[in-house]
Amino acid sequence: MTALTITTDRTRFLRLALGLDAVVTGVNGLGYLAGAALLSDLLGPDVAPLRGIGAFLLVYALGVGLLAAREAVNPAATMTVIALNTVWAIGSILAVVTGVIEFTTIGALWAVAQAMVVGLFAAVQLVGLRRLRSQHSSQ
């Protein structure tokens, strides 16, 4: 009989949160970039800003994905991701509430839903970072 060795990666939860953020953000970015003409009519903003947002999201997703894939999770970089996600979520809500961006009804609903998802990513990543720090300090 062979012995079963179980190892736990104390960064697993945080890596999963960052990795999922990267995938969802990347898919969203691709959608904005490739489908800007269709999405403009559906959501409201013009094609050029949607393409710009798509390009930004792809670059951001790549950075978050690289952070998740590193051997050692960088707490400062993770805090930057959490801060940027928080700013994105709040900014999306403010864009809808203030009308600074002319959304269709579907576009406004999409922006709020997206803000909620991004805010959830920030919250889960913060929990993961706190867990990592508390596990590290208890060793």
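These figures come from a predicted structure and were not determined experimentally.

Moving on, we get to the overall build of the protein. If you tally the helices and strands in the protein, you get five helices and zero strands. Burial statistics for the protein: of 139 residues in total, 32% are counted as buried. The contacts in the protein between residues at least 6 apart in sequence include a share of 74% that link residues at least 24 apart. Of the roughly 8,700 Å² that the protein leaves accessible, carbon and sulfur atoms contribute 70%.

Running from N to C, helix α2 (residues 36-43) and helix α3 (residues 47-69) cross one another at 115 degrees; their axes reach a closest spacing of 9 Å. Between α2 and α3, the crossing angle belongs to the class labelled roughly perpendicular. For the crossing formed where α2 meets α3, the hand is right-handed. Contacts between α2 and α3 involve A36, A37, L39 and S40 from the former and V47, L50 and R51 from the latter. A class-by-class count of the residues in the contact of α2 with α3 yields five nonpolar, one polar and one charged.

This paragraph deals with α2. Turn by turn, an α-helix covers 3.6 residues, leaving residues three or four places apart pointing in a common direction. Inspection of α2 places A36, S40 and L43 among the buried residues, and these make up the whole buried set. For α2, the buried positions fall inside an angular range of 95 degrees around the axis, keeping them on one side. Opposite the buried face of α2, at more than 90 degrees from it, the exposed residues are L38 and D41. One or two positions beyond α2, positive phi appears at G44, with a value near 120 degrees.

Looking now at the side chain of S40. Structurally, S40 is set in helix α2. Only 2.7 Å separates the side chain of S40 from the backbone oxygen of P45, close enough to count as a polar contact.

Turning our attention to the side chain of Q114. Positionally, Q114 belongs in helix α5 (residues 105-137). Look at Q114 and you get buried, because its relative accessible area is 11%. Among the polar contacts made by the side chain of Q114, one reaches the side chain of Y32 at a distance of 3.4 Å. Leave out the neighbours within four places in its chain, and Q114 touches N28, Y32 and W88.

L14, L18, V64 and V81 are the most contacted members of the largest nonpolar core, which totals 13 residues. Elements that contribute at least two residues to this core include exactly α1 (12-34), α3, α4 (75-98) and α5. Of all the elements, α3 adds the most residues to this core, at four residues. If you look at the next biggest cluster of nonpolar residues, it comprises five residues, including Y32, A36, L43 and L50.

Conventions we followed
- Residues numbered from 1 in each chain as written.
- Predicted model: local features only at pLDDT ≥ 70, side-chain atom pairs only at ≥ 80, totals over all residues.
- Heavy atoms only, no water.
- Helix = DSSP H or I, 4+ residues; strand = E, 2+ residues; numbered from the N terminus.
- Buried < 20%, exposed > 50% of the residue type's maximum accessible area, 1.4 Å probe, protein only.
- Contact = heavy atoms within 4.5 Å.
- Areas by Shrake-Rupley, 256 points an atom, 1.4 Å probe, with all protein chains shown as cover.
- Axes fitted to C-alpha atoms, helices over the stretch in contact; angles between N-to-C directions.
- Parallel < 35°, antiparallel > 145°, perpendicular 65-115°, else oblique.
- Left-handed = near helix turned anticlockwise from the far one by under 90°.
- Nonpolar A, V, L, I, M, F, W, Y, C, P; charged D, E, K, R; others polar.
- Arc of directions from axis to C-beta.
- Polar contact = N/O pair within 3.5 Å; in protein donor to acceptor, adjacent residues only side chain to side chain.
- Core = buried A, V, L, I, M, F, W, Y, C linked by side-chain atoms within 4.5 Å.

Note that all results are geometric; they support no functional claim without further evidence.
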